[in-house]
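Structural features, examined
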Amino acid sequence: MGDLLLAYLMLALIALMTSAVSYGVALKVKSEDALAPLMNTVAQPVLLLSGILLPLTFAPGWLQGIADWNPFSWAVDGTRALFAGDLGNDRVWQGLTIIAVLAAAGVFWAARQFARSVR
């Protein structure tokens, strides 16, 4: 049960980070017409390089090297380890740490964008 709750925590942090960054970008762009294409241009490669849809185990080395820089890849690997019952896997704690730091940074940045837009 603890593994499942930790996996849900990681998913909640991913949702918090993506929603905060999306909110901050929306405040920065200030155009409804430009937001959707911009977010999709960024989100699609990040999603494909994270290994969520297709595992990257058989990917070429150069593609795996790019995916290693993707924070979502770390979170996906950590969540897969949690669902496999491997709580001690390094990817779990590395992914959780990376996503928590990025979520905090995303919320901080979005809050600053909101404060600037209110002035």
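Coordinates for the structure precede this section.
Counting restarts for each chain, with residues numbered from 1 along the sequence as it is written. Whole-chain, interface and lining totals are the exception, using all residues; otherwise, since this is a predicted model, local features are given only for residues with pLDDT of at least 70 and side-chain atom pairs are given and counted only at 80 or more. With hydrogens and water set aside, each side-chain value is computed from the structure's full complement of heavy atoms.

**Structural notes on helix 4 (residues 71-83)**
Where we set the bar: Secondary structure is summarised from DSSP: a helix means a run of H or I of at least four residues, a strand means a run of E of at least two, and numbering begins at the N terminus for each. The span expected for a helix works out to 1.5 Å for each residue beyond the first. Each residue is assigned to one of three classes by its accessible area relative to the maximum for its type, calculated with a 1.4 Å probe on protein chains only: buried under 20%, partly exposed between the two thresholds, exposed over 50%. By definition in these notes, contact holds between two residues if any of their heavy atoms fall within 4.5 Å.
With 13 residues, helix 4 should cover 18 Å at 1.5 Å per step; its first-to-last C-alpha distance of 19 Å lies within 8% of that length. Considered for burial, the residues of helix 4 that qualify are Phe 72, Ser 73, Trp 74, Ala 75, Val 76, Gly 78, Thr 79, Ala 81 and Leu 82. Buried residues along helix 4 sit against helix 1 (2-29), helix 2 (32-50), helix 3 (61-67) and helix 5 (90-118). Positive phi appears at Gly 85, one or two residues downstream of helix 4, with a value of about 85°.

**Considering the layout of surface pockets**
The condition that has to hold: Residues are said to line a cavity or pocket when one of their atoms sits within 4 Å of a point; the points come from a 1 Å grid over protein atoms alone, cavities being sets where a 1.4 Å probe fits but cannot get out and pockets being open sets with protein on both sides within 12 Å along at least five of seven lines. Grid points are joined across faces, edges and corners, and a volume is the space filled by probe spheres set on the points.
The volume enclosed by the largest pocket comes to roughly 440 Å³. Along the walls of the largest pocket sit 19 residues, with Met 17, Thr 18, Val 42, Val 46 and Phe 72 positioned nearest its centre. For the lining of the largest pocket, the secondary-structure elements that each account for two or more residues are helix 1, helix 2, helix 4 and helix 5. Here the element with the most residues in the lining of the largest pocket is helix 2; it accounts for seven residues.

**Structural notes on the environment of Ala 7**
Inspection of the secondary structure assignment puts Ala 7 in helix 1. In sequence terms Ala 7 and Val 21 are 14 residues apart; their C-alpha atoms lie 21 Å from each other. In this structure, Ala 7 is in contact with Thr 79, Leu 82 and Phe 83, ignoring residues within four places of it in sequence.

**As for the side chain of Ser 73**
Positionally, Ser 73 belongs in helix 4. A relative accessible area of 2% places Ser 73 in the buried class. Ser 73 has contacts with Leu 49, Ser 50 and Ala 67, leaving out every residue within four places of it along the chain.

**Observations concerning the packing of helix 1 against helix 5**
Keep this limit in mind: Fitting a line to C-alpha atoms yields each axis, with helices limited to the stretch in contact; the angle taken between N-to-C directions then spans 0 to 180 degrees. Our angle categories are set so that under 35 degrees counts as roughly parallel, over 145 as roughly antiparallel, 65 to 115 as roughly perpendicular, and the remainder as oblique. Two helices that cross are described as forming a left-handed crossing if the nearer one is turned anticlockwise from the farther one by less than a right angle, and a right-handed crossing if clockwise. Charged means Asp, Glu, Lys or Arg here, nonpolar means Ala, Val, Leu, Ile, Met, Phe, Trp, Tyr, Cys or Pro, and polar covers whatever is left, Gly included.
Their axes nearest at 8 Å, the elements helix 1 and helix 5 cross at an angle of 30°. The angle between helix 1 and helix 5 places the two elements in the roughly parallel class. Pair helix 1 / helix 5 crosses with left-handed handedness. Of the residues that constitute the contact of helix 1 with helix 5, the class distribution is 23 nonpolar, five polar and one charged.

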